[in-house]
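Remarks on the overall topology
Letter by letter, the chains look like this.
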Amino acid sequence: AAYTLELPPELVKRKLHPTFHVSLLREYVETDDSKFPDRRLDDVLSLGEETFEKTVNEIVGYQWAAGKPVFLVNWSDGLTTQEHYQTVAHLQAFDDF
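Here is what the cut-offs are and how they apply
- Residues numbered from 1 in each chain as written.
- Predicted model: local features only at pLDDT ≥ 70, side-chain atom pairs only at ≥ 80, totals over all residues.
- Heavy atoms only, no water.
- Patch = residues over 30% accessible without salt bridge, like charges linked within 9 Å, V, L, I, M, F, W, Y side chains within 5 Å.
- Areas by Shrake-Rupley, 256 points an atom, 1.4 Å probe, with all protein chains shown as cover.
- Salt bridge = Lys/Arg side-chain N within 4 Å of Asp/Glu carboxyl O.
- Lys, Arg positive; Asp, Glu negative; His and termini not counted.
- Charge placed at Lys NZ, Arg CZ, Asp CG, Glu CD.
- Helix = DSSP H or I, 4+ residues; strand = E, 2+ residues; numbered from the N terminus.
- Pairing = 2+ DSSP bridges.
- Axes fitted to C-alpha atoms, helices over the stretch in contact; angles between N-to-C directions.

Here's the deal with a negative patch on the surface
A grouping of E30, D32, D33 and D38 is seen on the molecular surface, where their side chains present a negatively charged patch. Mapped onto the elements, D33 comes out in the loop between β2 (19-21) and α2 (41-45).

A closer look at the pairing of strand β5 (residues 80-84)
Examined bridge by bridge, strand β4 (residues 68-75) and β5 share five bridges and lie antiparallel to one another. Paired with V73 across the bridge in β5 is T81. Hairpin geometry of β4 and β5 is characterised by an intervening segment of four residues between the two adjacent antiparallel strands and by a positive phi of about 95 degrees at G78.

Structural notes on the sheet that holds β5
An order of β3-β4-β5 is seen for the three strands of this open sheet, with the pairing classed as antiparallel. Because the sheet does not close on itself, it has two edges, and the strands there are β3 (56-65) and β5. For this sheet, the mean angle separating the axes of adjacent strands, direction not counted, is 30 degrees. Judged from the eight bridges that link them, β3 and β4 form a sheet pairing that is antiparallel.

Following this line, the structure appears as structure tokens:
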């Protein structure tokens with residue numbers, strides 16, 4: 001129930017995965033220039049190119065993996081990732097933990 005699409009070069013360059021579940025696909029309807037004047041593909045594609053600096057909110061826990069501690073880090077963008085000691089040892093959040 002998945003299809004692999006041939007994506008335009010602009011999307012391939014952004015490393016968008018070409019395989020989608022059928023529930024995410026819709027029939028293509030060409031844009032009506034009278035309803036959306038001056039719309040350019042470059043403007044739409046550049047929306048995600050802003051870079052934001054992520055910071056560590058806090059270290060929320062840890063677990064052991066292969067005999068070493070792996071820390072659960074909550075970032076300012078809302079994600080929580082697993083990070084090794086070397087990544088977090090110098091952070092104030094590590095001292096607070």
